[in-house]
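Spelled out from the first residue to the last, the chains are:
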Amino acid sequence: MLPGKHRRELRAAVFDLDGTLTDTRSVWQHLHEKFGTSDVGRRTAEMYHSGFIDYAEWARLDAACWKNVAVSDLLFALDDIRYTPGARETIEQLKTHGIRTAIVSAGLSVLADKAKIDLNTDLSISNELKVIDGILTGDVIVRVGPGNKAGVIEEAAWLLGAEMEETVVVGDNAFDIPENAGLRIAFKPVTLQTRNAADIVVEDDDIRVVVDHILQ
């Protein structure tokens, strides 16, 4: 933590998912690779990063790639995504100390909700692929993107019963760690901006390292 940084007692912890609690940087990219739509995924990503479309439109274009895919095939495609070493133990230790936990992800609920169950977090908020009769419609409900993630993290903290200054945030991108959080941890950050936005930078492969910083 930065010298002299004051914080209130931490009551909640909000984690990013892709690249933080899992070993996959982007569930969107993962699904493109699994379903052979990577060329489209690259084009939509270029359009987004160039400013031609916003995140919601990017998500809609990506989701359209998987129209008519069975949910069972979608779940099978996620089978080889692994949790970051120490993820389960980290959540368990925090809960033991009375800290409630949430996942807020700009990825997909099919993975975030699974992680909520597997890791036993209190809450997950992410984007939802629409399904009818077990088949993807090609539509998506966009709840979280880089532009509004800070606000969604505040919502998650409120749902967990904490103010932002009582909340620790953990992620690998700058938009995962809003400046008004009580403690900001960059876990294996992907950009210099992320490092600069954090109070603590963790490069260890095992995420349990963050527990000592949170509980100190």
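Residues numbered from 1 in each chain as written. Predicted model: local features only at pLDDT ≥ 70, side-chain atom pairs only at ≥ 80, totals over all residues. Heavy atoms only, no water.

Colleague: Could you clarify how one ought to interpret the overall build of the protein in this entry?
Modeller: Looking only at helices and strands, the protein has 9 helices and 7 strands in total. Since a compact globule built from 216 residues should have a radius of gyration of about 17 Å, the 17 Å found for the protein is in line with a globular shape. For the protein, the spread of C-alpha atoms along the principal axes amounts to about 50 × 35 × 30 Å. For the protein, with 216 residues in total, the buried portion stands at 51%. (Helix = DSSP H or I, 4+ residues; strand = E, 2+ residues; numbered from the N terminus. Rg over C-alpha atoms; globule rule 2.2 N^0.38 Å. Buried < 20%, exposed > 50% of the residue type's maximum accessible area, 1.4 Å probe, protein only.)

Colleague: Can you help me understand the sheet that holds strand β7 (residues 200-202) in this one?
Modeller: The pairing of strands in a sheet comes from backbone hydrogen bonds and takes either a parallel or an antiparallel form. Taken together, 7 strands build an open sheet; the order of strands is β4-β3-β2-β1-β5-β6-β7 and the sheet is mixed. Two strands close off the open sheet at either side, each with one partner strand: β4 (135-141) and β7. Each adjacent strand pair in this sheet contributes to an overall mean axis angle of 25°, direction not counted. As paired strands, strand β6 (residues 183-187) and β7 are joined by 3 bridges and run parallel to one another. Considered in β7, the bridge of Phe187 is made with Val202. Helix α3 (residues 55-64) rests against β2 (100-108), β3 (123-132) and β4 of the sheet, and its axis sits at about 175° to β4. Against the sheet, helix α5 (residues 87-96) contacts β1 (12-15) and β2, and its axis sits at roughly 160° relative to β1. (Pairing = 2+ DSSP bridges. Axes fitted to C-alpha atoms, helices over the stretch in contact; angles between N-to-C directions. Contact = heavy atoms within 4.5 Å.)

Colleague: Please explain helix α1 (residues 27-35) as it appears in this structure.
Modeller: Because the α-helix completes a turn every 3.6 residues, residues three or four places apart line up on one side. Here α1 has its buried residues at Val27, Trp28, His30, Leu31 and His32. Two to three positions downstream of the cap, the backbone nitrogen of Trp28 sits 3.3 Å from a side-chain oxygen, assigning the N-cap of α1 to Ser26. Of the residues one or two after α1, Gly36 is the one with positive phi, at around 70°. (Polar contact = N/O pair within 3.5 Å; in protein donor to acceptor, adjacent residues only side chain to side chain.)

Colleague: How should I be thinking about empty space enclosed by the protein in this particular structure?
Modeller: Where empty space is left in the structure can be found by rolling a water-sized probe over the atoms. The full count for this structure, using the stated rule, is 1 cavity of 30 Å³ or more. Approximately 40 Å³ is the volume attributed to the largest cavity. Taken together, Leu78, Ile81, Tyr83, Leu111 and Lys114 form the lining of the largest cavity. When its residues are assigned to classes, the lining of the largest cavity shows 4 nonpolar, no polar and 1 charged. (1 Å grid on protein atoms, 1.4 Å probe; cavity = no way out; pocket = protein on both sides within 12 Å on 5 of 7 lines; lining within 4 Å. Points joined across faces, edges and corners; volume = space filled by probe spheres on them. Nonpolar A, V, L, I, M, F, W, Y, C, P; charged D, E, K, R; others polar.)

Colleague: What exactly am I supposed to notice about the pattern of salt bridges here?
Modeller: Side chains that differ in sign of charge can pair as their charged atoms come close. Taken as a whole and assessed by the stated rule, the structure comprises 15 salt bridges. A salt bridge links Lys149 to Asp16, with the nearest nitrogen and oxygen atoms 3.0 Å apart. Residue Lys149 is located in helix α7 (residues 149-159), and its partner Asp16 is located in the loop between β1 and α1; the two are separated by 133 residues in the primary sequence. By relative accessible area, Lys149 is classed as buried at 1%. The closest approach of N and O atoms between Arg60 and Glu57, which form a salt bridge, is 3.2 Å. Of this pair, Arg60 and Glu57 are both found in helix α3, 3 residues apart, which corresponds to roughly one turn of the helix. Its relative accessible area of 41% is what places Arg60 among the partly exposed residues. (Salt bridge = Lys/Arg side-chain N within 4 Å of Asp/Glu carboxyl O.)

Colleague: For this particular structure, what's the right way to read the nonpolar core?
Modeller: Side chains that are nonpolar tend, in soluble globular proteins, to be buried together. In terms of nonpolar packing, the biggest core is built from 67 residues, with Ile185, Val210 and Ile214 touching the most fellow members. In this view, Ile185 contacts Val168, Val169, Val170, Gly171, Ile177, Ala198, Ile200, Val202, Val210, His213 and Ile214; residues no more than four positions away in its chain are not counted. (Core = buried A, V, L, I, M, F, W, Y, C linked by side-chain atoms within 4.5 Å.)

Colleague: What should I look at first to understand the pairing of β2 in this one?
Modeller: If a strand is regular, its side chains alternate between the two faces of the sheet. Counting buried positions along β2 yields 8 of 9 residues, so the element is predominantly enclosed. Sheet topology places β2 next to β3; 4 bridges connect them, and they run parallel. In the sheet register, Ala102 faces β3, and the bridge partner there is Leu123.

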